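# Coordinate analysis (summary)
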Amino acid sequence: MIIVADSGATKTAWRSVSTGGLVRSAQTAGMNPSCLDEEGCRTIVREAVPVLNPEGERVESVFFYGAGLVSEEAAAPIRMALEMWCPFAGISFHSDLLGAARALFGDGSGIAAIIGTGSNSCLYENGTIVSNIRPGGFILGDEGGGAALGKALLADAVKGMLPEEIKEDFDRIYGLDYPTIVRKVYREPAASAFLASFAPFLVERIAHPYVHGLVSDCMEAFIKRSLARYGAEAKVGIVGSLGCACEDILREVAAPYGLKFVKFIKSPIEELVRYHGI
């Protein structure tokens, strides 16, 4: 059996392919080692593996793509959790950005970008990441990502700058007062996830001029500060449900920069299964 996992900030998509070719799927919480200790990773793996391998077949290989996998040391909590359930497997760890690039271009070339809770991008040539403009996280960067969109919306909300019809919907759905917003952003954990939770609100109202402008500004910041800096000749692919939902806006704001989008995929997991030939 082979297992492939793609883990973002909020969720992990899992696929297993048995010796007989049977494919099973599971979805769990995200496994960013900068936010989880070994016990937290073990809990998530314990939830996934019985679904992926209910008959206890020997697992030969695990290919794990995830956010926060900047070194072998960083991957250690996930490795130890996987080794408990897959003791004989060869386990390899790769960044979610490499996973996105492989899903988009295989061993080819292009500019690969992730637009989800956060954002990231790279220049990918012949199967290798050759340049990466650091994402910076939701405080210093992540332009275009869900947390950046949520931050822009809340910034306008707390300053009383929302159009009346958007404010009415926002208040009716969320019922947030100023102290609650401040507490959730500055004092509670998972602030980026809280901010990104407002992205669906914006996507559902994308035709409203205010929302269209807000999302356009955020996406153009990502293009200007990241994608356009790799050069206009390369083709561009986008991974992430938010990026797919904003495809029309991305094409619109990218046109003056000479960027050509060639592929949009919500999740890389199916393409990664194919990439590994299983």
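Higher on the page you've got the structure.
All of these numbers come straight from a predicted model, not from anything done at the bench.

### Focus on the overall build of the protein chain
For the protein chain, the count of helices and strands is 13 helices and 10 strands. A compact globule built from 278 residues would reach a C-alpha radius of gyration of about 19 Å, and the protein chain, at 20 Å, matches this within 12%. Within the protein chain, the proportion of its 278 residues that are buried is 50%. For the protein chain, the accessible surface area stands at approximately 13,000 Å², while carbon and sulfur atoms represent 53% of it.

### Things to note about the nonpolar core
Of all hydrophobic cores here, the largest spans 43 residues; its most connected members are Leu153, Val215, Met219 and Leu227. The element contributing the most residues to this core is helix 10 (residues 209-225), with 8 residues. Formed by 24 residues, the second largest nonpolar core is a distinct cluster that contains Met1, Met31, Leu82 and Ile91.

### A short note on the environment of serine 95
With respect to the helices and strands, serine 95 occurs in strand 5 (residues 90-95). Residue class for serine 95 comes out partly exposed when judged on its relative accessible area of 24%. Looking at serine 95, its side chain comes within polar contact range of the main-chain nitrogen of leucine 98, at 3.0 Å.

### Digging into the pattern of salt bridges
All told, the structure shown has 12 salt bridges when counted by the stated rule. In this structure, glutamate 39 engages arginine 42 in a salt bridge whose closest nitrogen and oxygen atoms are separated by 2.4 Å. A residue pair is termed a helical-turn pair when its members lie 3 or 4 positions apart in one helix, as glutamate 39 and arginine 42 do in helix 1 (residues 38-52) at 3 residues. For arginine 205, the salt bridge identified is with glutamate 204, shortest N-O distance 3.4 Å. A cluster of three or more residues bridged by salt bridges with shared partners is formed by Asp169, Arg172, Glu204 and Arg205.

The rules we used
Residues numbered from 1 in each chain as written. Predicted model: local features only at pLDDT ≥ 70, side-chain atom pairs only at ≥ 80, totals over all residues. Heavy atoms only, no water. Helix = DSSP H or I, 4+ residues; strand = E, 2+ residues; numbered from the N terminus. Rg over C-alpha atoms; globule rule 2.2 N^0.38 Å. Buried < 20%, exposed > 50% of the residue type's maximum accessible area, 1.4 Å probe, protein only. Areas by Shrake-Rupley, 256 points an atom, 1.4 Å probe, with all protein chains shown as cover. Core = buried A, V, L, I, M, F, W, Y, C linked by side-chain atoms within 4.5 Å. Polar contact = N/O pair within 3.5 Å; in protein donor to acceptor, adjacent residues only side chain to side chain. Salt bridge = Lys/Arg side-chain N within 4 Å of Asp/Glu carboxyl O.

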